[in-house]
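# Understanding the architecture of this molecule
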Amino acid sequence: MRTLSLGGHVGFDSLPDQLVSKSVSQGFCFNILCVGETGIGKSTLMNTLFNTTFENEEASHYLDKVLLRPRTYDLQESNVQLKLTIVDTVGFGDQVNKEESYKPIVDYIDTQFENYLQEELKIKRSLFNYHDTRIHVCLYFIAPTGHSLKSLDLVTMKKLDSKVNIIPIIAKADTISKSELHKFKIKVMSELVSNGVQIYQFPTEDEAIAEINSSMNAHLPFAVVGSSEEVKVGNKMVRARQYPWGAVQVENESHCDFVRLREMLIRVNMEDLREQTHARHYELYRRCKLEEMGFKDTDPDNEPFSLQETYEAKRKEFLSDLQRKEEDMRQMFVNRVKETEAELKEKERELHDRFELLKRTHQEEKRNVEEKRRDLEEDMNSFNRRKVAAETLQGQAFQAASQLSIKKDKDKKNFFTLPSACSLTAGRNLN
């Protein structure tokens, strides 16, 4: 490569201005992930950081799992438009079993990477107007205990440090004294280093910002206080938290690190956070996914790897695997059919045996019913014969009784008529 000198002005020195103009017309996007326990002050800090009031829903402490709630806003400052997405971790740390609290966060970050990768792999891409939802920075809110990091904090940051730029923040820093806060900062950084947690370090390669970034790296983790209320201090109104003993000013560097956080996050290193997300974290995810798919940069002989050859090899492998699976499915189907046929034959035999048993039982019961019917008919005939005989005897007895009664009546009649005849005969004899 040779270096040449120009004989006059050409004009490509306006390229930076062209890039700036194009970037401003397209607008920018920035995505913040806020990780911390419910009620630790995430929403308040976001409102304070961007000097506005975002939508906020009161979160419950009784959720059975962690929910990620993304909200996107269009902001404008001067002629620069910013599409800001704030992702809140609702219910983080509220469960009794906190072992899996980090998983929904990791899954969400991976999902955003996967969505961008799918868009990138399309034949007809539209990345210039694609809404990039990849997380550019994770503000991890640490409870101001003054002792040490919780095991949940260490595990979560360890799981996230290879996927997102982590900036640790000590929330509600006005609840502990300055000496305790200084010791707590040292303790937090010591535990992060000893556990191998890699947090985001402000870049020092650019000489224009090397000095300020170096000094700000020494202030990590930032101890912040958030407030949307304005309090009169002296002759001016400032954002502060009012207490009976005084006011904690949000933008007073001697009170908290809010101004340092805003400088580093928004005014100095926002573009570096975006670049780090794309060049480091997304590239790591992309490389792992492509390697899982069988793509490589070089073959075993260190020769450039052909994408076409890789595609053909993966296609053959896929077809072979598909054919093997089809054969396995076919064999499985045949085996299942045979098993089903055997089961059906067994059930048919059982049904036939049961039918024969029922048939024999039915015939036996039929014979018993016939015998009982014959016995019943004989009993009925015998009963009818006895009934006829009884009726005959009853008729004879009734007839005999009638005749006897008639005879008695005659005899009685004769008895009462006999004296009259005797007296009449006697009278005649006297005459």
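Scroll up a little and you will see the structure.
Now for a quick tour of the structure. These numbers were taken from a predicted model, which means no experiment stands behind them.

## Considering the overall build of the chain
- Within the chain one finds 9 helices and 9 strands.
- By the compact-globule yardstick of 22 Å for 431 residues, the chain is too spread out, its C-alpha radius of gyration being 53 Å.
- Dimensions of the chain along its principal axes, counting C-alpha atoms only, are 205 × 75 × 45 Å.
- Counting only residues that meet the buried cut, the chain has 30% of its 431 residues in that class.
- Of the contacts formed within the chain by residues at least 6 apart in sequence, a portion of 67% connects residues at least 24 apart.
- Side chains of the chain carry 63 positive and 70 negative charges; the gap between the two charge centres is 12 Å.

## Points about the sheet that holds strand 7 (residues 230-233)
- One open sheet accounts for 3 strands, arranged 7-8-9; its pairing is antiparallel. Looking at which strands have only one partner, the edges of the open sheet turn out to be strand 7 and strand 9 (246-249). Averaged over neighbouring strand pairs, the angle between their axes works out to 70° when direction is ignored.
- In this sheet, strand 9 lies alongside strand 8 (residues 236-243) in antiparallel orientation, the contact comprising 4 bridges. Residue pairing across strands places Q242 opposite A247, the latter belonging to strand 9.

## Side note on the sheet that holds strand 1 (residues 28-35)
- Taken in spatial order, the 6 strands of this open sheet run 2-3-1-4-5-6, and their pairing is mixed. Here the strands that pair on one side only, and so sit at the sheet edges, are strand 2 (67-77) and strand 6 (222-223).
- Relative to strand 4 (residues 137-142), strand 1 runs parallel, the two being bridged by 4 bridges. Among the inter-strand pairings, V35 is bridged to a residue of strand 4, identified as Y140.
- Against the sheet, helix 2 (residues 42-49) makes contact with strand 1, strand 3 (80-90), strand 4 and strand 5 (166-170), and its axis sits at roughly 150° relative to strand 1, the strand it touches most.
- Contacts from helix 4 (residues 151-160) reach strand 4 and strand 5, with the element oriented near 170° to strand 4.

## Focus: the packing of helix 2 against helix 7 (residues 258-268)
- In the contact formed by helix 2 and helix 7, the axes pass within 11 Å of each other and the chain directions differ by 70°. When the axis of helix 2 is compared with that of helix 7, the two are roughly perpendicular. Facing helix 2, whose interface residues are L45, T48 and L49, helix 7 presents F258, L261, R262, L265 and I266.
- Partitioning the contact of helix 2 with helix 7 into residue classes produces 6 nonpolar, 1 polar and 1 charged.

## Let's talk about the pairing of strand 8
- Where strand 7 lies against strand 8, 4 bridges are found, and the strand directions are antiparallel. Bridge pairing links E230 to R239 in strand 8.
- The antiparallel hairpin formed by strand 7 and strand 8 contains 2 residues in its connecting segment, where G234 sits at a positive phi of about 70°.
- Hairpin connection, strand 8 to strand 9: the antiparallel pair is bridged by 2 residues.

## Some thoughts on a nonpolar patch on the surface
- A grouping of L6, V10 and F12 is seen on the molecular surface, where their side chains present a nonpolar patch of about 340 Å² in accessible area.
- With respect to the helices, strands and loops of the structure, V10 is situated in the segment before helix 1 (15-26).
- Take V10: its relative accessible area is 58%, and that puts it in the exposed class.

## Let's talk about the pairing of strand 3
- Most of strand 3 sits inside the fold, with 8 of its 11 residues counted as buried.
- Here 7 bridges tie strand 1 to strand 3, and the two strands are oriented parallel to one another. By the bridge assignment, F30 is partnered in strand 3 with L84.
- Where strand 2 lies against strand 3, 11 bridges are found, and the strand directions are antiparallel. When the bridges of strand 3 are listed, L75 appears paired with L82.
- Hairpin connection between strand 2 and strand 3: a loop of 2 residues separates the two successive antiparallel strands, and S78 in this loop has a positive phi of roughly 60°.

## Focus on the pattern of salt bridges
- Summed over the entire model, instances satisfying the criterion amount to 28 salt bridges.
- Salt-bridge contacts for R267 lead to E263; the nearest nitrogen and oxygen are separated by 2.8 Å. Of the two residues, R267 and E263 are both situated in helix 7; the distance of 4 residues between them amounts to about one turn of the helix.
- With relative accessibility at 21%, the residue E263 sits in the partly exposed group.
- Where salt bridges share partners, they join K185, E253, D257 and R260 into one cluster.

## Quick look at helix 4
- Buried within helix 4 we find L152, D153, L154, T156, M157 and L160.
- In this structure, the buried residues of helix 4 make contact with helix 3 (103-120), strand 4, strand 5 and helix 5 (178-194).

## Considering empty space enclosed by the protein
- Enumeration over the complete set of coordinates arrives at 2 cavities of 30 Å³ or more.
- Quantified by volume, the largest cavity comes out at close to 170 Å³.
- If you trace the largest cavity, you find 14 residues lining it, with S43, E55, N56, I86 and D88 closest to the centre.
- Counting only elements with at least two residues in the lining of the largest cavity, the list comes to helix 2, strand 2 and strand 3.
- Take the lining of the largest cavity: its biggest share by element is 4 residues, from helix 2.

Calculation notes
- Residues numbered from 1 in each chain as written.
- Predicted model: local features only at pLDDT ≥ 70, side-chain atom pairs only at ≥ 80, totals over all residues.
- Heavy atoms only, no water.
- Helix = DSSP H or I, 4+ residues; strand = E, 2+ residues; numbered from the N terminus.
- Rg over C-alpha atoms; globule rule 2.2 N^0.38 Å.
- Buried < 20%, exposed > 50% of the residue type's maximum accessible area, 1.4 Å probe, protein only.
- Contact = heavy atoms within 4.5 Å.
- Lys, Arg positive; Asp, Glu negative; His and termini not counted.
- Charge placed at Lys NZ, Arg CZ, Asp CG, Glu CD.
- Pairing = 2+ DSSP bridges.
- Axes fitted to C-alpha atoms, helices over the stretch in contact; angles between N-to-C directions.
- Parallel < 35°, antiparallel > 145°, perpendicular 65-115°, else oblique.
- Nonpolar A, V, L, I, M, F, W, Y, C, P; charged D, E, K, R; others polar.
- Patch = residues over 30% accessible without salt bridge, like charges linked within 9 Å, V, L, I, M, F, W, Y side chains within 5 Å.
- Areas by Shrake-Rupley, 256 points an atom, 1.4 Å probe, with all protein chains shown as cover.
- Salt bridge = Lys/Arg side-chain N within 4 Å of Asp/Glu carboxyl O.
- 1 Å grid on protein atoms, 1.4 Å probe; cavity = no way out; pocket = protein on both sides within 12 Å on 5 of 7 lines; lining within 4 Å.
- Points joined across faces, edges and corners; volume = space filled by probe spheres on them.

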